[in-house]
Amino acid sequence: NEVQTSMYWATPTQYNPASAGSDSALHVTAFDRMQWVGVEGAPQTFFLSVDAPLRIMGKRVGAGVSVLNDQAGLFKTTFVSAQLSYSLSLWGGRLALGLQPGFVNQAFSGGDVYIPSGDAWDPSDPSIPTSDVAGKGFDLGLGAYYEWGKWYGGISLQHINAAQLELADYAYSQLERTLYFHAGGNIPIKRTLFIIQPSVLVKTTFQFTQYDFTLRALWNRKFWGGVSYRLNDAIVLMAGANIGQVSLGYAYDIGLTRFGMASGGSHEIMACWTMPLLFDKNTRHASKSIRIL
């Protein structure tokens, strides 16, 4: 399955290449997630991305690069990707179409494999490597992103080519095609300093589907807090602050499943540095990033 992210609204280039260069700013974004603390072999994920808008021959495009490293059990998977997007005006808003070519490397620590003794177990099974092995492959994603006034949303498909990675002779791993849908808004409350920020993320492998529903409140464009519900999985408490050009966030997942409740929960930290760009000549000030609005 795809990696888990609680503050998904802050890292859209993780799953939708069309969101690269989505506003008039350069973004450097990172998050680190420690899932199911206290459980041996639980997933640990690190993500880093850089993206910005560009204008080429009078056309608006976005560009970015990202690195995602995920370790779960005996598997360590690393994605290195580029994001390219092209924007056009449509129905009073902006539509962006994105492409994400990249490479994936997956390593398996076969030297740490434990095979019990007994007639029911075959230590010579060639599909279970007993030494450290790795496989590489090409990875491809596509996406579309639309923003209109206070609202935004997108749809994307990751691992389109469903790359099969040969870890060793007779030992293979295959990426699952995953469809994402995300949407959200920034709704100012009249005569207050509050902005309400609802959002949703749906991801499916067409066999397994996950839903995240989030509601955040931003005060004075500086401090925010919120709660998220991951259907049949967890309740997430989150908070953060915007300090100058840096946005910081922390999320804590409270597991609702037996496995989640037996752990120490999941922790996630996020940081985003934003540098406004005078991208549009007819705009005096660069627009505020919708990610940290």
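This text goes with the structure placed above it.
Now for a look at the structure at hand. (Residues numbered from 1 in each chain as written. Predicted model: local features only at pLDDT ≥ 70, side-chain atom pairs only at ≥ 80, totals over all residues. Heavy atoms only, no water.)

## Details of the overall build of the chain
So, step 1. Across its full length, the chain holds one helix and 17 strands.
So, step 2. Put simply, the chain has 293 residues, and 45% of those count as buried.
So, step 3. Of the contacts formed within the chain by residues at least 6 apart in sequence, a portion of 53% connects residues at least 24 apart.
So, step 4. Accessible surface, the chain as shown: approximately 15,100 Å² in total, 63% of it carbon and sulfur. (Helix = DSSP H or I, 4+ residues; strand = E, 2+ residues; numbered from the N terminus. Buried < 20%, exposed > 50% of the residue type's maximum accessible area, 1.4 Å probe, protein only. Contact = heavy atoms within 4.5 Å. Areas by Shrake-Rupley, 256 points an atom, 1.4 Å probe, with all protein chains shown as cover.)

## Quick notes on the side chain of Gln197
So, step 1. Note that Gln197 resides in strand β12 (residues 194-204).
So, step 2. Of note is the side chain of Gln197, whose polar atom sits 2.8 Å from the side chain of Asn186. (Polar contact = N/O pair within 3.5 Å; in protein donor to acceptor, adjacent residues only side chain to side chain.)

## Comments concerning the pairing of strand β14 (residues 223-230)
So, step 1. Side chains Trp224, Gly226, Ser228 and Arg230 of β14 all project onto a buried face; the interleaved residues Phe223, Gly225, Val227 and Tyr229 project onto a face where none is buried.
So, step 2. Sheet analysis places strand β13 (residues 209-219) next to β14, joined by eight bridges and oriented antiparallel. Its bridge partner being in β14, Thr214 is matched across the sheet by Ser228.
So, step 3. From the end of β13 to the start of β14, which pair antiparallel, there are three residues, and Asn220 there has a positive phi angle of about 55 degrees.
So, step 4. The pairing of β14 with strand β15 (residues 234-243) spans eight bridges and is classified as antiparallel. Directly across from Trp224, in β15, lies its bridge partner Gly240.
So, step 5. Where β14 hands over to β15, the hairpin turn is made up of three residues, of which Asn232 adopts a positive phi near 60 degrees. (Pairing = 2+ DSSP bridges.)

## Re the pattern of salt bridges
So, step 1. Going through the model one piece at a time under the given rule, you end up with six salt bridges.
So, step 2. Note that Arg33 and Asp253 form a salt bridge whose closest N and O atoms lie 2.7 Å from each other. Residue Arg33 is found in strand β1 (residues 25-34), and its partner Asp253 is found in strand β16 (residues 246-255); the two are separated by 220 residues along the sequence. Each of the two residues, Arg33 as well as Asp253, counts as buried.
So, step 3. The closest approach of N and O atoms between Arg230 and Asp253, which form a salt bridge, is 3.0 Å. Taken together, the residues Arg230 in strand β14 and Asp253 in strand β16 connect sequence positions 23 residues apart.
So, step 4. Judged by its relative accessible area of 1%, Arg230 is buried. (Salt bridge = Lys/Arg side-chain N within 4 Å of Asp/Glu carboxyl O.)

## With respect to the environment of Arg258
So, step 1. As for its placement among the helices and strands, Arg258 is situated in helix α1 (residues 258-262).
So, step 2. Sequence spacing of Arg258 and Asp233 is 25 residues, and the spatial spacing of their C-alpha atoms is 9.6 Å.

## Quick word on the packing of aromatic side chains
So, step 1. As enumerated under the stated definition, the model contains nine aromatic pairs in all.
So, step 2. A centroid spacing of 5.9 Å and a plane angle of 75 degrees characterise the contact between Phe103 and Phe138, whose relative ring orientation is edge-to-face. With Phe103 in strand β5 (residues 93-109) and Phe138 in strand β6 (residues 132-148), the pair connects residues that are 35 residues apart, well separated along the chain.
So, step 3. Take Phe103: its relative accessible area is 56%, and that puts it in the exposed class.
So, step 4. For Arg216, the ring lying beneath its charged end belongs to Trp224, and the centroid distance is 5.6 Å. (Phe/Tyr/Trp six-rings, centres within 6.5 Å; stacked < 30°, edge-to-face > 60°. Lys NZ or Arg CZ within 6 Å of the ring centre and 35° of its normal.)

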